[in-house]
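Observations on chain architecture
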Amino acid sequence: LNSYDYLVVGSGLFGSVFAHEAALRGKRVKVIEKREHIAGNIYTKEFDGIQVHQYGAHIFHTSDREIWDYVNQFAKFNRYTNSPVANYKGQMYNLPFNMNTFNELWGTRTPEEAFKKIEEQKRAVHLVGQPRNLEEQAISLVGTDIYQKLIKGYTEKQWGKKATELPAFIIRRLPVRFTYDNNYFNDTYQGIPIGGYTQIVEKMLDSDLIDIETNVDFFAHKDRYLGEYPKVVFTGMIDQYFDYKYGELEYRSLRFENEELNVSNYQGNAVINYTDAETPYTRIIEHKHFEFGKGDSGKTIITREYPANWKRGDEPYYPVNDVQNNKLYKQYAKLAARESNVIFGGRLGQYRYFDMHQVIHSALVRVHDEFD
Ligand code: FDA
(Lines give C-alpha, C1' and ligand atoms only; values in the text may rest on other atoms or scores of the structure.)
Protein backbone atom coordinates (compact mmCIF):
# COMPACT_ATOMS: atom_id res chain seq x y z
CA LEU A 1 0.00 0.00 0.00
CA ASN A 2 1.13 3.56 -0.65
CA SER A 3 0.53 6.62 1.49
CA TYR A 4 -2.73 7.67 -0.19
CA ASP A 5 -6.15 6.93 1.26
CA TYR A 6 -8.00 7.23 -2.07
CA LEU A 7 -7.39 6.92 -5.75
CA VAL A 8 -9.94 8.99 -7.67
CA VAL A 9 -10.25 7.94 -11.31
CA GLY A 10 -11.50 10.89 -13.36
CA SER A 11 -11.31 14.60 -12.56
CA GLY A 12 -14.88 15.49 -13.58
CA LEU A 13 -17.34 16.93 -11.10
CA PHE A 14 -18.04 13.68 -9.29
CA GLY A 15 -14.39 12.79 -8.73
CA SER A 16 -13.44 16.36 -7.87
CA VAL A 17 -16.21 16.89 -5.30
CA PHE A 18 -15.25 13.59 -3.69
CA ALA A 19 -11.52 14.42 -3.65
CA HIS A 20 -12.22 17.89 -2.24
CA GLU A 21 -14.40 16.59 0.57
CA ALA A 22 -11.98 13.76 1.41
CA ALA A 23 -9.09 16.23 1.67
CA LEU A 24 -11.17 18.48 3.93
CA ARG A 25 -11.39 15.45 6.21
CA GLY A 26 -7.62 15.00 6.23
CA LYS A 27 -7.46 12.17 3.67
CA ARG A 28 -4.69 11.93 1.09
CA VAL A 29 -5.99 11.61 -2.45
CA LYS A 30 -4.44 10.81 -5.80
CA VAL A 31 -6.50 11.89 -8.82
CA ILE A 32 -5.76 10.34 -12.20
CA GLU A 33 -7.27 11.64 -15.42
CA LYS A 34 -6.89 10.16 -18.87
CA ARG A 35 -7.41 13.44 -20.71
CA GLU A 36 -4.66 16.05 -20.81
CA HIS A 37 -6.68 18.39 -18.61
CA ILE A 38 -8.85 18.25 -15.49
CA ALA A 39 -12.58 19.04 -15.13
CA GLY A 40 -14.15 16.35 -17.35
CA ASN A 41 -16.93 17.56 -19.61
CA ILE A 42 -17.36 20.90 -17.87
CA TYR A 43 -13.89 21.95 -19.02
CA THR A 44 -13.71 25.49 -20.43
CA LYS A 45 -10.70 27.19 -21.98
CA GLU A 46 -10.09 30.83 -22.79
CA PHE A 47 -9.47 32.02 -26.37
CA ASP A 48 -9.46 35.73 -27.28
CA GLY A 49 -10.91 36.51 -23.85
CA ILE A 50 -13.85 34.15 -24.50
CA GLN A 51 -14.48 31.09 -22.31
CA VAL A 52 -15.04 28.22 -24.74
CA HIS A 53 -17.12 25.29 -23.49
CA GLN A 54 -15.01 22.50 -24.97
CA TYR A 55 -17.54 19.72 -24.51
CA GLY A 56 -20.81 21.41 -25.35
CA ALA A 57 -22.89 24.18 -23.81
CA HIS A 58 -22.98 23.97 -20.02
CA ILE A 59 -25.55 26.00 -18.13
CA PHE A 60 -25.74 25.53 -14.40
CA HIS A 61 -29.26 25.33 -13.00
CA THR A 62 -30.76 24.03 -9.78
CA SER A 63 -33.57 24.64 -7.35
CA ASP A 64 -31.56 23.20 -4.48
CA ARG A 65 -30.24 26.04 -2.34
CA GLU A 66 -27.53 23.85 -0.78
CA ILE A 67 -26.09 22.83 -4.15
CA TRP A 68 -26.23 26.43 -5.36
CA ASP A 69 -24.36 27.64 -2.25
CA TYR A 70 -21.92 24.76 -2.60
CA VAL A 71 -20.93 25.60 -6.16
CA ASN A 72 -20.83 29.34 -5.41
CA GLN A 73 -17.91 28.69 -3.06
CA PHE A 74 -15.79 28.03 -6.12
CA ALA A 75 -16.94 30.73 -8.57
CA LYS A 76 -19.15 33.75 -8.97
CA PHE A 77 -22.03 33.16 -11.36
CA ASN A 78 -23.51 35.62 -13.82
CA ARG A 79 -27.25 35.92 -14.47
CA TYR A 80 -27.23 34.03 -17.77
CA THR A 81 -30.66 32.60 -18.60
CA ASN A 82 -30.85 29.81 -21.13
CA SER A 83 -33.19 30.82 -23.94
CA PRO A 84 -32.26 28.86 -27.05
CA VAL A 85 -33.67 29.68 -30.47
CA ALA A 86 -34.56 27.14 -33.16
CA ASN A 87 -33.67 27.54 -36.82
CA TYR A 88 -35.97 25.44 -39.01
CA LYS A 89 -35.09 25.91 -42.68
CA GLY A 90 -34.15 29.53 -42.05
CA GLN A 91 -37.21 30.38 -39.93
CA MET A 92 -36.46 31.33 -36.33
CA TYR A 93 -38.57 30.15 -33.40
CA ASN A 94 -38.19 30.80 -29.69
CA LEU A 95 -37.75 27.87 -27.34
CA PRO A 96 -38.95 26.30 -25.14
CA PHE A 97 -42.43 26.11 -26.69
CA ASN A 98 -44.18 29.22 -25.43
CA MET A 99 -46.40 32.08 -26.54
CA ASN A 100 -43.56 33.55 -28.63
CA THR A 101 -43.16 30.24 -30.48
CA PHE A 102 -46.91 29.95 -31.08
CA ASN A 103 -47.03 33.50 -32.40
CA GLU A 104 -44.14 32.74 -34.77
CA LEU A 105 -45.83 29.53 -35.94
CA TRP A 106 -49.46 30.61 -36.25
CA GLY A 107 -49.75 34.30 -35.43
CA THR A 108 -51.77 33.47 -32.30
CA ARG A 109 -51.77 36.26 -29.73
CA THR A 110 -53.55 34.99 -26.63
CA PRO A 111 -53.18 31.82 -24.56
CA GLU A 112 -56.73 30.85 -25.56
CA GLU A 113 -55.97 31.12 -29.29
CA ALA A 114 -52.76 29.11 -28.91
CA PHE A 115 -54.40 26.45 -26.74
CA LYS A 116 -57.20 25.99 -29.30
CA LYS A 117 -54.69 25.65 -32.12
CA ILE A 118 -52.72 22.94 -30.31
CA GLU A 119 -55.86 21.01 -29.34
CA GLU A 120 -57.12 21.22 -32.94
CA GLN A 121 -53.83 19.77 -34.22
CA LYS A 122 -53.80 17.00 -31.66
CA ARG A 123 -57.38 16.05 -32.61
CA ALA A 124 -56.68 16.09 -36.36
CA VAL A 125 -54.37 13.09 -35.97
CA HIS A 126 -56.42 10.12 -34.90
CA LEU A 127 -54.19 8.29 -32.49
CA VAL A 128 -55.77 5.24 -30.93
CA GLY A 129 -54.54 3.87 -27.60
CA GLN A 130 -51.13 4.46 -26.06
CA PRO A 131 -48.47 6.15 -28.26
CA ARG A 132 -46.33 3.40 -29.77
CA ASN A 133 -43.27 5.49 -30.56
CA LEU A 134 -41.71 8.91 -30.09
CA GLU A 135 -43.53 10.40 -33.07
CA GLU A 136 -46.96 9.44 -31.75
CA GLN A 137 -46.03 10.52 -28.27
CA ALA A 138 -44.83 13.95 -29.39
CA ILE A 139 -47.86 14.59 -31.60
CA SER A 140 -50.19 13.54 -28.81
CA LEU A 141 -48.55 16.13 -26.57
CA VAL A 142 -48.08 19.15 -28.87
CA GLY A 143 -49.69 18.48 -32.25
CA THR A 144 -48.20 18.22 -35.73
CA ASP A 145 -46.68 21.67 -36.47
CA ILE A 146 -44.46 21.82 -33.41
CA TYR A 147 -43.54 18.18 -33.90
CA GLN A 148 -42.65 18.52 -37.61
CA LYS A 149 -40.76 21.80 -37.34
CA LEU A 150 -39.15 21.74 -33.92
CA ILE A 151 -38.87 18.15 -32.69
CA LYS A 152 -38.66 15.57 -35.47
CA GLY A 153 -35.43 16.47 -37.31
CA TYR A 154 -33.56 17.45 -34.18
CA THR A 155 -34.45 14.29 -32.30
CA GLU A 156 -33.70 12.02 -35.25
CA LYS A 157 -30.25 13.58 -35.65
CA GLN A 158 -29.59 13.33 -31.95
CA TRP A 159 -30.42 9.64 -31.72
CA GLY A 160 -29.44 8.54 -35.21
CA LYS A 161 -32.83 6.83 -35.60
CA LYS A 162 -36.24 7.62 -37.08
CA ALA A 163 -38.75 9.02 -34.62
CA THR A 164 -41.07 6.12 -35.45
CA GLU A 165 -38.31 3.72 -34.33
CA LEU A 166 -37.60 5.54 -31.07
CA PRO A 167 -39.42 4.59 -27.89
CA ALA A 168 -42.16 6.92 -26.66
CA PHE A 169 -40.64 7.22 -23.18
CA ILE A 170 -37.78 9.45 -24.42
CA ILE A 171 -40.34 12.26 -24.44
CA ARG A 172 -42.42 11.86 -21.30
CA ARG A 173 -43.42 15.48 -21.14
CA LEU A 174 -43.03 18.37 -23.51
CA PRO A 175 -43.47 21.49 -21.49
CA VAL A 176 -45.78 23.88 -23.30
CA ARG A 177 -45.93 27.29 -21.74
CA PHE A 178 -48.79 29.70 -22.27
CA THR A 179 -46.72 32.74 -21.29
CA TYR A 180 -44.26 34.87 -23.25
CA ASP A 181 -41.30 33.40 -21.34
CA ASN A 182 -38.23 32.09 -23.16
CA ASN A 183 -36.40 30.90 -20.04
CA TYR A 184 -35.65 27.24 -20.77
CA PHE A 185 -35.29 26.06 -17.19
CA ASN A 186 -37.84 26.30 -14.41
CA ASP A 187 -35.17 26.22 -11.71
CA THR A 188 -34.77 28.88 -9.04
CA TYR A 189 -31.03 29.37 -9.65
CA GLN A 190 -29.26 29.55 -12.99
CA GLY A 191 -26.07 31.01 -14.41
CA ILE A 192 -22.61 30.60 -15.90
CA PRO A 193 -19.48 30.89 -13.75
CA ILE A 194 -17.70 34.15 -14.55
CA GLY A 195 -14.27 33.08 -15.81
CA GLY A 196 -15.45 29.60 -16.82
CA TYR A 197 -15.98 26.20 -15.25
CA THR A 198 -12.40 24.92 -15.08
CA GLN A 199 -11.57 27.18 -12.10
CA ILE A 200 -14.28 25.39 -10.09
CA VAL A 201 -12.48 22.07 -10.41
CA GLU A 202 -9.06 23.70 -9.96
CA LYS A 203 -10.20 25.15 -6.66
CA MET A 204 -11.81 21.89 -5.54
CA LEU A 205 -8.54 20.06 -6.15
CA ASP A 206 -6.30 22.76 -4.71
CA SER A 207 -5.04 21.06 -1.56
CA ASP A 208 -1.70 19.81 -0.20
CA LEU A 209 -3.42 16.49 0.33
CA ILE A 210 -4.39 16.05 -3.35
CA ASP A 211 -2.02 15.08 -6.15
CA ILE A 212 -3.18 15.07 -9.77
CA GLU A 213 -1.82 13.20 -12.76
CA THR A 214 -3.27 13.82 -16.21
CA ASN A 215 -2.78 11.67 -19.33
CA VAL A 216 -3.11 8.53 -17.22
CA ASP A 217 -5.61 5.82 -18.08
CA PHE A 218 -6.72 3.68 -15.15
CA PHE A 219 -6.96 0.63 -17.38
CA ALA A 220 -3.28 0.76 -18.26
CA HIS A 221 -2.50 -0.38 -14.67
CA LYS A 222 -5.83 -1.46 -13.21
CA ASP A 223 -4.52 -4.36 -11.11
CA ARG A 224 -1.63 -2.35 -9.72
CA TYR A 225 -3.95 0.49 -8.70
CA LEU A 226 -6.42 -1.86 -7.04
CA GLY A 227 -3.56 -3.49 -5.14
CA GLU A 228 -1.87 -0.27 -4.04
CA TYR A 229 -4.76 1.98 -3.03
CA PRO A 230 -6.96 1.18 -0.03
CA LYS A 231 -9.97 2.68 -1.78
CA VAL A 232 -10.80 3.70 -5.34
CA VAL A 233 -13.44 6.14 -6.59
CA PHE A 234 -14.12 5.19 -10.19
CA THR A 235 -15.94 7.63 -12.51
CA GLY A 236 -15.12 5.97 -15.85
CA MET A 237 -17.34 3.51 -17.77
CA ILE A 238 -18.71 0.79 -15.54
CA ASP A 239 -18.94 -1.76 -18.37
CA GLN A 240 -15.29 -1.18 -19.25
CA TYR A 241 -14.30 -1.63 -15.59
CA PHE A 242 -15.70 -5.16 -15.78
CA ASP A 243 -14.09 -5.74 -19.16
CA TYR A 244 -17.50 -5.68 -20.92
CA LYS A 245 -18.20 -9.05 -19.30
CA TYR A 246 -21.95 -8.92 -20.01
CA GLY A 247 -21.61 -6.88 -23.21
CA GLU A 248 -21.37 -3.20 -24.06
CA LEU A 249 -23.65 -0.53 -22.70
CA GLU A 250 -24.79 1.86 -25.40
CA TYR A 251 -23.67 5.50 -25.51
CA ARG A 252 -24.15 8.45 -27.86
CA SER A 253 -21.11 10.38 -28.89
CA LEU A 254 -20.63 13.90 -30.27
CA ARG A 255 -18.20 15.68 -32.54
CA PHE A 256 -17.44 19.34 -31.90
CA GLU A 257 -16.20 21.58 -34.68
CA ASN A 258 -14.81 24.91 -33.47
CA GLU A 259 -14.38 27.94 -35.67
CA GLU A 260 -13.04 31.42 -34.98
CA LEU A 261 -14.77 34.11 -37.03
CA ASN A 262 -13.74 37.70 -37.63
CA VAL A 263 -17.14 39.10 -36.70
CA SER A 264 -18.13 40.42 -33.31
CA ASN A 265 -21.55 38.80 -33.20
CA TYR A 266 -22.37 35.84 -35.42
CA GLN A 267 -25.79 34.61 -34.36
CA GLY A 268 -27.02 36.90 -31.57
CA ASN A 269 -27.58 34.09 -29.08
CA ALA A 270 -25.46 31.51 -27.22
CA VAL A 271 -27.42 28.50 -28.49
CA ILE A 272 -29.23 28.02 -31.80
CA ASN A 273 -30.74 24.61 -32.47
CA TYR A 274 -31.01 23.41 -36.08
CA THR A 275 -34.23 21.45 -36.08
CA ASP A 276 -34.46 20.37 -39.74
CA ALA A 277 -33.20 16.99 -40.90
CA GLU A 278 -30.94 18.38 -43.66
CA THR A 279 -28.47 20.35 -41.51
CA PRO A 280 -26.03 17.73 -40.21
CA TYR A 281 -25.37 19.43 -36.87
CA THR A 282 -27.89 19.86 -34.06
CA ARG A 283 -26.72 23.20 -32.74
CA ILE A 284 -24.31 26.07 -33.00
CA ILE A 285 -22.96 27.54 -29.80
CA GLU A 286 -21.57 31.09 -29.83
CA HIS A 287 -19.61 31.10 -26.60
CA LYS A 288 -19.25 34.83 -25.96
CA HIS A 289 -23.00 35.16 -25.38
CA PHE A 290 -22.71 33.02 -22.24
CA GLU A 291 -20.87 36.04 -20.88
CA PHE A 292 -22.91 38.76 -22.57
CA GLY A 293 -20.64 39.43 -25.50
CA LYS A 294 -17.42 39.56 -23.50
CA GLY A 295 -14.10 39.26 -25.31
CA ASP A 296 -12.41 40.94 -28.26
CA SER A 297 -15.32 42.52 -30.06
CA GLY A 298 -13.92 41.86 -33.53
CA LYS A 299 -13.83 38.08 -33.05
CA THR A 300 -16.11 35.29 -31.99
CA ILE A 301 -15.84 31.53 -31.51
CA ILE A 302 -18.58 29.17 -32.58
CA THR A 303 -18.94 25.42 -32.17
CA ARG A 304 -21.05 23.15 -34.33
CA GLU A 305 -22.23 20.05 -32.51
CA TYR A 306 -22.65 16.85 -34.54
CA PRO A 307 -24.26 13.80 -32.92
CA ALA A 308 -22.41 10.55 -33.57
CA ASN A 309 -22.73 6.84 -32.98
CA TRP A 310 -20.45 5.54 -30.27
CA LYS A 311 -17.94 2.72 -30.65
CA ARG A 312 -15.15 1.64 -28.34
CA GLY A 313 -12.48 4.31 -28.09
CA ASP A 314 -14.90 7.21 -28.77
CA GLU A 315 -15.96 9.65 -26.04
CA PRO A 316 -19.15 8.36 -24.41
CA TYR A 317 -21.09 11.59 -23.90
CA TYR A 318 -24.58 10.31 -23.23
CA PRO A 319 -25.73 7.03 -21.70
CA VAL A 320 -28.70 5.60 -23.60
CA ASN A 321 -31.03 4.81 -20.73
CA ASP A 322 -33.56 2.63 -22.55
CA VAL A 323 -35.05 -0.52 -21.02
CA GLN A 324 -32.43 -2.86 -22.47
CA ASN A 325 -29.42 -0.80 -21.42
CA ASN A 326 -30.81 -0.14 -17.97
CA LYS A 327 -31.25 -3.89 -17.53
CA LEU A 328 -27.67 -4.51 -18.56
CA TYR A 329 -26.49 -1.72 -16.27
CA LYS A 330 -28.26 -3.41 -13.34
CA GLN A 331 -26.16 -6.53 -13.93
CA TYR A 332 -23.01 -4.42 -13.81
CA ALA A 333 -24.28 -2.57 -10.74
CA LYS A 334 -24.59 -5.94 -8.96
CA LEU A 335 -20.94 -6.69 -9.68
CA ALA A 336 -20.04 -3.17 -8.56
CA ALA A 337 -21.78 -3.69 -5.22
CA ARG A 338 -19.43 -6.61 -4.58
CA GLU A 339 -16.28 -4.51 -5.18
CA SER A 340 -16.08 -3.41 -1.58
CA ASN A 341 -13.11 -1.08 -2.06
CA VAL A 342 -14.46 0.72 -5.11
CA ILE A 343 -17.04 3.49 -5.25
CA PHE A 344 -18.64 3.85 -8.68
CA GLY A 345 -19.88 7.36 -9.34
CA GLY A 346 -20.83 9.94 -11.93
CA ARG A 347 -22.39 9.81 -15.34
CA LEU A 348 -20.31 6.88 -16.59
CA GLY A 349 -19.81 5.03 -13.31
CA GLN A 350 -23.57 5.04 -12.62
CA TYR A 351 -24.62 5.04 -16.28
CA ARG A 352 -27.12 7.80 -15.80
CA TYR A 353 -27.66 11.15 -17.45
CA PHE A 354 -26.76 13.53 -14.65
CA ASP A 355 -26.83 17.29 -14.93
CA MET A 356 -24.12 19.14 -13.03
CA HIS A 357 -26.23 19.88 -9.97
CA GLN A 358 -27.31 16.24 -9.84
CA VAL A 359 -23.77 14.91 -10.05
CA ILE A 360 -22.66 17.24 -7.24
CA HIS A 361 -25.60 16.08 -5.15
CA SER A 362 -24.82 12.45 -5.87
CA ALA A 363 -21.14 12.92 -4.95
CA LEU A 364 -22.07 14.64 -1.68
CA VAL A 365 -24.38 11.75 -0.80
CA ARG A 366 -21.49 9.32 -1.36
CA VAL A 367 -19.22 11.54 0.73
CA HIS A 368 -21.79 11.48 3.52
CA ASP A 369 -22.04 7.64 3.34
CA GLU A 370 -18.29 7.36 3.44
CA PHE A 371 -17.35 9.78 6.18
CA ASP A 372 -20.27 10.89 8.31
P1 FDA B 1 -17.24 13.55 -16.54
O2 FDA B 1 -17.38 12.80 -17.82
O3 FDA B 1 -17.26 15.02 -16.61
O4 FDA B 1 -15.88 13.13 -15.84
C5 FDA B 1 -15.35 11.83 -15.90
C6 FDA B 1 -13.85 11.96 -16.08
O7 FDA B 1 -13.24 10.69 -15.95
C8 FDA B 1 -13.47 12.50 -17.45
O9 FDA B 1 -12.60 13.59 -17.32
C10 FDA B 1 -12.80 11.30 -18.11
O11 FDA B 1 -11.76 11.68 -19.02
C12 FDA B 1 -12.24 10.57 -16.92
N13 FDA B 1 -12.02 9.14 -17.16
C14 FDA B 1 -12.90 8.27 -17.71
N15 FDA B 1 -12.35 7.05 -17.80
C16 FDA B 1 -11.10 7.15 -17.28
C17 FDA B 1 -10.04 6.23 -17.12
N18 FDA B 1 -10.16 4.95 -17.53
N19 FDA B 1 -8.88 6.65 -16.56
C20 FDA B 1 -8.74 7.96 -16.17
N21 FDA B 1 -9.72 8.87 -16.31
C22 FDA B 1 -10.89 8.48 -16.87
N23 FDA B 1 -25.19 19.59 -17.29
C24 FDA B 1 -25.85 20.70 -16.85
O25 FDA B 1 -26.17 20.79 -15.66
N26 FDA B 1 -26.16 21.72 -17.72
C27 FDA B 1 -25.82 21.67 -19.04
O28 FDA B 1 -26.11 22.61 -19.79
C29 FDA B 1 -25.13 20.51 -19.52
N30 FDA B 1 -24.78 20.41 -20.82
C31 FDA B 1 -24.14 19.28 -21.27
C32 FDA B 1 -23.80 19.18 -22.63
C33 FDA B 1 -23.16 18.05 -23.11
C34 FDA B 1 -22.81 17.96 -24.57
C35 FDA B 1 -22.85 16.99 -22.22
C36 FDA B 1 -22.17 15.74 -22.72
C37 FDA B 1 -23.17 17.08 -20.88
C38 FDA B 1 -23.83 18.22 -20.39
N39 FDA B 1 -24.15 18.35 -19.04
C40 FDA B 1 -24.82 19.48 -18.60
C41 FDA B 1 -23.82 17.28 -18.06
C42 FDA B 1 -22.47 17.49 -17.34
O43 FDA B 1 -21.44 17.48 -18.29
C44 FDA B 1 -22.28 16.36 -16.31
O45 FDA B 1 -23.27 16.44 -15.33
C46 FDA B 1 -20.93 16.33 -15.59
O47 FDA B 1 -19.87 16.71 -16.40
C48 FDA B 1 -20.72 14.92 -15.07
O49 FDA B 1 -19.54 14.82 -14.32
P50 FDA B 1 -18.87 13.39 -14.11
O51 FDA B 1 -17.76 13.57 -13.15
O52 FDA B 1 -19.90 12.38 -13.82
O53 FDA B 1 -18.36 12.97 -15.57
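Residues numbered from 1 in each chain as written. Predicted model: local features only at pLDDT ≥ 70, side-chain atom pairs only at ≥ 80, totals over all residues. Heavy atoms only, no water.

1. Brief notes about the overall build of the protein
Helix and strand counts for the protein stand at 12 helices and 16 strands. Computed over the C-alpha atoms, the radius of gyration of the protein is 22 Å, within 12% of the 21 Å expected from 2.2 N^0.38 for a compact globule of 372 residues. Once local pairs closer than 6 in sequence are excluded, the contacts in the protein between residues at least 24 apart make up 72%. Of the roughly 17,700 Å² of accessible surface on the protein, a fraction of 46% belongs to carbon and sulfur atoms. (Helix = DSSP H or I, 4+ residues; strand = E, 2+ residues; numbered from the N terminus. Rg over C-alpha atoms; globule rule 2.2 N^0.38 Å. Contact = heavy atoms within 4.5 Å. Areas by Shrake-Rupley, 256 points an atom, 1.4 Å probe, with all protein chains shown as cover.)

2. What about the environment of E156?
Examined against the element boundaries, E156 turns out to sit in helix α6 (residues 144-159). Through-space distance from the C-alpha of E156 to that of Y88 is 14 Å; in sequence the pair is 68 residues apart. Once you skip the residues sitting within four places of it in the chain, E156 turns out to touch K161, K162 and A163.

3. Quick notes on the site of the ligand
Of all residues adjacent to the ligand, which total 31 residues, the nearest are E33, H58, R347, F354 and M356. The contact in question runs from a nitrogen atom of the ligand to an N or O atom on the backbone of K34, over 3.1 Å. Note that an oxygen atom of the ligand is positioned 2.7 Å from one of the backbone N or O atoms of F354. When the free accessible area of the ligand is taken as 1,000 Å², the share hidden by the protein chains comes to 97%. Elements supplying a minimum of two residues to the shell around the ligand: α1 (13-24), α11 (346-349) and α12 (356-371). Grouping the amino acids of the shell around the ligand by side-chain chemistry returns 17 nonpolar, 8 polar and 6 charged. (Near = heavy atom within 4 Å. Polar contact = N/O pair within 3.5 Å; in protein donor to acceptor, adjacent residues only side chain to side chain. Nonpolar A, V, L, I, M, F, W, Y, C, P; charged D, E, K, R; others polar.)

4. A closer look at the packing of aromatic side chains
If you walk through the whole model with that rule in mind, you get 35 aromatic pairs. Arranged with centres 5.4 Å apart and planes meeting at 85°, the rings of Y251 and Y351 form a pair that is edge-to-face. Taken together, the residues Y251 in strand β11 (residues 251-261) and Y351 in the loop between α11 and α12 connect sequence positions 100 residues apart. Each member of the pair Y251 and Y351 is classed as buried. Here the aromatic cluster, defined as three or more aromatic residues joined through ring pairs, consists of Y4, F218, F219, Y225, Y229, F234, Y241, F242, Y246, Y332 and F344. The side chain of R312 reaches across the aromatic face of Y244, ending 3.7 Å from its centre. (Phe/Tyr/Trp six-rings, centres within 6.5 Å; stacked < 30°, edge-to-face > 60°. Buried < 20%, exposed > 50% of the residue type's maximum accessible area, 1.4 Å probe, protein only. Lys NZ or Arg CZ within 6 Å of the ring centre and 35° of its normal.)

5. Here we look at the pattern of salt bridges
Using the criterion set out here, one finds 24 salt bridges in the structure. The residue E21 makes a salt bridge to R25 at a minimum N-O spacing of 2.9 Å. The salt bridge involving E259 is made with R304; its shortest N-O contact spans 3.0 Å. Of the two residues, E259 sits in strand β11 while R304 sits in strand β14 (residues 300-309), which places them 45 residues apart along the sequence. Of the residues examined, E259 reaches a relative accessible area of 31% and is grouped as partly exposed. (Salt bridge = Lys/Arg side-chain N within 4 Å of Asp/Glu carboxyl O.)

6. Considerations on the environment of R347
Structurally, the position occupied by R347 is in helix α11. You can call R347 buried: its relative accessible area is 17%.

7. Things to note about the pairing of strand β13 (residues 283-286)
Burial of the side chains of β13 extends over both faces: R283 and I285 are buried on one face and I284 and E286 on the other. The pairing of strand β12 (residues 271-274) with β13 spans 3 bridges and is classified as antiparallel. In the strand pairing of β13, N273 is matched with R283. With 4 bridges connecting them, β13 and β14 associate as antiparallel partners. Bridged to E286 within β14 is I302. (Pairing = 2+ DSSP bridges.)

8. Side note on the domain arrangement of the protein
Under the domain assignment used here, the protein contains domain 1 (6-79 + 190-250 + 319-371) and domain 2 (97-170). Between the C-alpha centres of domain 1 and domain 2 there is a distance of 36 Å. (Domains from an automatic or database assignment.)

9. Regarding helix α4 (residues 111-124)
With 14 residues, α4 extends 20 Å from end C-alpha to end C-alpha; this agrees with the ideal 20 Å at 1.5 Å per step. The complete set of buried residues in α4 reads A114, I118 and Q121. Considered in projection along α4, the buried side chains sweep an arc of 65° and stay on one side of the axis. Residues of α4 that are exposed and point more than 90 degrees away from the buried face comprise E112, K116, R123 and A124. Summarising the contacts, the buried residues of α4 are in contact with α3 (99-106), α5 (134-142) and α6. (Expected span 1.5 Å × (residues − 1). Arc of directions from axis to C-beta.)

10. A short note on the pairing of strand β2 (residues 29-32)
Both faces of β2 are covered, namely the face carrying V29 and V31 and the face carrying K30 and I32. Sheet topology places strand β1 (residues 6-9) next to β2; 4 bridges connect them, and they run parallel. Paired with Y6 across the two strands is V29, which belongs to β2. The handedness of the β1 to β2 crossover, carried by α1, is right-handed. (Right-handed = clockwise from strand over helix to strand, strands pointing away.)

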